[in-house]
Amino acid sequence: METKKKDIRALTKDQLRNFFVEQGDKAFRGNQVYEWLWQKSAHSFDAMTNVSKETRQMLEDHFVINHIRVDQMQRSSDGTIKNAVRLHDGLVVESVLIPTETRTTACVSSQVGCSLDCRFCATARMKRMRNLNADEIYDQVVAIDNESRLYHDRPLSNIVFMGMGEPLMNYNNVLKAIEMITSPEGLGMSPKRITVSTSGVPKMIKKMADEEVKFGLAVSLHSAIDEVRTSIMPFNANFPLKDLREALEYWYSKTKNRITYEYVVWKGINDTQEAVDALVKFCKFAPSKVNLIEYNPIDDGEFQQASDAAVSMYQNTLERNGITVTVRRSRGKDIDAACGQLANKQ
Ligand code: SAH
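Position numbers for residues count from 1 along each chain, tracking the sequence in the order it is written. Under the rules for a predicted model, residues below a pLDDT of 70 receive no local features and side-chain atom pairs below 80 are neither given nor counted, while totals for whole chains, interfaces and linings still include all residues. Side-chain metrics in this entry use all non-hydrogen atoms of the structure; hydrogen atoms and water are not considered.

1. What about the sheet that holds strand E11 (residues 216–220)?
Working step 1: In space, the 10 strands of this open sheet follow the order E3-E4-E5-E6-E9-E10-E11-E12-E13-E14, with mixed pairing throughout. The sheet is open, and its two edges are formed by strand E3 (69–75) and strand E14 (324–328), each paired on a single side. Within this sheet the neighbouring strands show an average axis-to-axis angle of 20°, counted without direction.
Working step 2: The rule for pairing is simple: two strands pair if DSSP sees at least two bridges between them. Only DSSP runs of H or I reaching four residues or more are called helices, and only runs of E reaching two or more are called strands; each is numbered from the N terminus. Of the strand pairs in this sheet, strand E10 (residues 194–198) and E11 are connected by 4 bridges, and their pairing is parallel. Bridge pairing links threonine 198 to valine 219 in E11. Helix axes are fitted only over the stretch in contact, all axes being lines through C-alpha atoms; the angle between N-to-C directions runs from 0 to 180 degrees.

2. Considering the UniProt feature "binding site: S-adenosyl-L-methionine" (unreviewed entry) in the protein chain
Working step 1: UniProt positions are given in the numbering used here, feature names are shortened, and annotations may be inferred rather than shown by experiment. Within this structure's numbering, the places UniProt gives as "binding site: S-adenosyl-L-methionine" (unreviewed entry) are Gly165, Glu166, Ser197, Ser220, Leu221, His222 and Asn296.
Working step 2: Structurally, glycine 165 can be placed in the loop between strand E9 (158–161) and helix H5 (171–182).
Working step 3: Only heavy atoms matter for contacts: two residues are in contact if any of them lie within 4.5 Å across the pair. If near-sequence neighbours (up to four positions away) are discounted, glycine 165 is found in contact with Ser110, Gln111, Gly113, Cys114 and Thr123.
Working step 4: Along the polypeptide, asparagine 296 turns up in the loop between strand E13 (288–293) and helix H10 (308–320).
Working step 5: For every residue, the accessible area (1.4 Å probe, protein chains only) is compared with the maximum for its type, and the residue is labelled buried under 20%, exposed over 50%, or partly exposed between those bounds. Overall, asparagine 296 belongs to the buried group, its relative accessible area being 3%.

3. Overview of the layout of surface pockets
Working step 1: Roughly 180 Å³ of internal volume is contained in the second largest pocket.
Working step 2: Forming the boundary of the second largest pocket are Lys4, Lys5, Asp7, Ala10, Val64, Asn66, His88 and Asn133.
Working step 3: Throughout, the ten residues Ala, Val, Leu, Ile, Met, Phe, Trp, Tyr, Cys and Pro are labelled nonpolar, Asp, Glu, Lys and Arg are labelled charged, and all others, Gly among them, are labelled polar. When the residues that make up the lining of the second largest pocket are grouped by side-chain class, the tally is 2 nonpolar, 3 polar and 3 charged. Buriedness of a pocket was judged along seven lines, with at least five required to meet protein on both sides within 12 Å; pockets are open sets of points on a 1 Å grid over the protein atoms alone, cavities are sets where a 1.4 Å probe fits but cannot get out, and lining residues have an atom within 4 Å of a point. Grid points are joined across faces, edges and corners, and a volume is the space filled by probe spheres set on the points.

4. A closer look at the site of the ligand
Working step 1: We define proximity as follows: a residue is near a molecule or strand when any one of its heavy atoms falls within 4 Å of that partner. Residues in contact with the ligand amount to 22 residues; listed here are only the nearest, Ser197, Ser199, Ser220, His222 and Asn296.
Working step 2: Histidine 222 places a polar side-chain atom, nitrogen or oxygen, 2.6 Å from an oxygen atom of the ligand.
Working step 3: Compared with its free state, where it exposes 540 Å², the ligand has 96% of that area covered by protein.
Working step 4: Among the residues forming the shell around the ligand, the class breakdown is 10 nonpolar, 9 polar and 3 charged. Polar contacts here mean pairs of N or O atoms no more than 3.5 Å apart (in protein, one a potential hydrogen donor and the other a potential acceptor; neighbouring residues in sequence count only if both atoms are side-chain atoms). All accessibility values rest on the Shrake-Rupley procedure with a 1.4 Å probe; residue burial counts only the protein chains present in the view.

5. Here we look at the environment of arginine 331
Working step 1: Within the element layout of this structure, arginine 331 appears in the segment after E14.
Working step 2: Residue classification places arginine 331 among the partly exposed residues on the basis of a relative accessible area of 24%.
Working step 3: Filtering out sequence-adjacent residues up to four positions away, arginine 331 remains in contact with Asp78, Thr80, Ile98, Pro99, Thr100, Ala337 and Ala338.

6. With respect to the domain arrangement of the protein chain
In many analyses, interface size is given as the accessible surface area lost on bringing the parts together.
Working step 1: According to the domain assignment, the protein chain contains domain 1 (6–64) and domain 2 (69–335).
Working step 2: Each of domain 1 and domain 2 has a C-alpha centre, and the two are 35 Å apart.
Working step 3: If you look at the interface, domain 1 gives 8 residues, while domain 2 gives 10 residues.
Working step 4: Summing both partners gives a buried area of about 880 Å² for domain 1 against domain 2, and 43% of it is carried by carbon and sulfur.
Working step 5: Take the accessible area each of two parts loses on contact, using a 1.4 Å probe, and add the two losses: that sum is the buried area. It is Arg9, Trp38 and Gln39 that lose the most area in domain 1 upon contact with domain 2, and together they represent 60% of the buried surface on that side.
Working step 6: What makes a salt bridge here is a side-chain nitrogen of Lys or Arg within 4 Å of a carboxyl oxygen of Asp or Glu, nothing more. For the interface between domain 1 and domain 2, the tally reads 3 salt bridges.
Working step 7: A salt bridge links lysine 13 to glutamate 185; the shortest N-O distance between them is 2.4 Å. Residue ranges assigned to each domain were obtained from an automatic or database domain assignment.

This is the structure we're talking about:
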């Protein structure tokens, strides 16, 4: 029976160096191969041209490189690109390139599907199939960086973990991917250009704070009233706002990094003065800013974008209270690439 070959990128650099020593080779060969795997993003052992043919064959006998494959690329009229990314086991996730005047942002997935049950999100309708490995997250970033250079003549500048899945429910792999994205042995990007977005898992927010991570944190809040939040994001029953608030205060005390709240205003759900007042109060617990995002319809109209007047009421009230607020227009809607629309639909 053939034994299953191991994913070579599951090994740390030290483990790879040790592997070469065990094979009677020099440890530095591990460094060379590591560089091919991460910095040069090699898809095959054959690409490793400064490694002998025998060594390449030996690696082939022991390991696989589970590189992602961009199966389909769709381009929106506004320059947004959506990739359907096939994983080694045939499952598919999506990632998005969002260009603006000044930056190119990659929006990457952290899980296949999602285990949370936000009622307004298309990804929630796929069940969670599995977590992505660190290399599968890393590969999505590399693919978008290449597309950014090719179609927009500039490298990728920012990364947001706002694709499919809940990053804090795949904590270890997300952190390992970020480590490689920021390492000079990987892409060497600044952690300040990375934002992890979460529905709000208090325990994991505290863990990140303890590790004094350097990237940004965004929280998909949508309501600062427990009853309302639970009705649209049912898991809020297990992670109530009081726990979230406490975790966010802790995050700020440790990282001194202000928090971004993502917030959609929906007709008949949170378009009231009472809802705005609750948000203002919540924003005062820890330094923060609010991104009001446009709702991207995913179904027959159970959820509807609130009126411009309601959005202005939010904007004015927040500003009056000294809270920074931005109103974000959707990108890539015509190819189902906007927030909450990722559901492997082609
Ligand atoms: N699970 C993480 C990462 C996903 S980010 C999180 O919840 O933060 C995706 C963002 O899009 C979240 O802020 C989510 O609340 C928002 N979103 C989901 N469905 C949406 C929709 N239909 N229209 C606009 N935003 C949506």
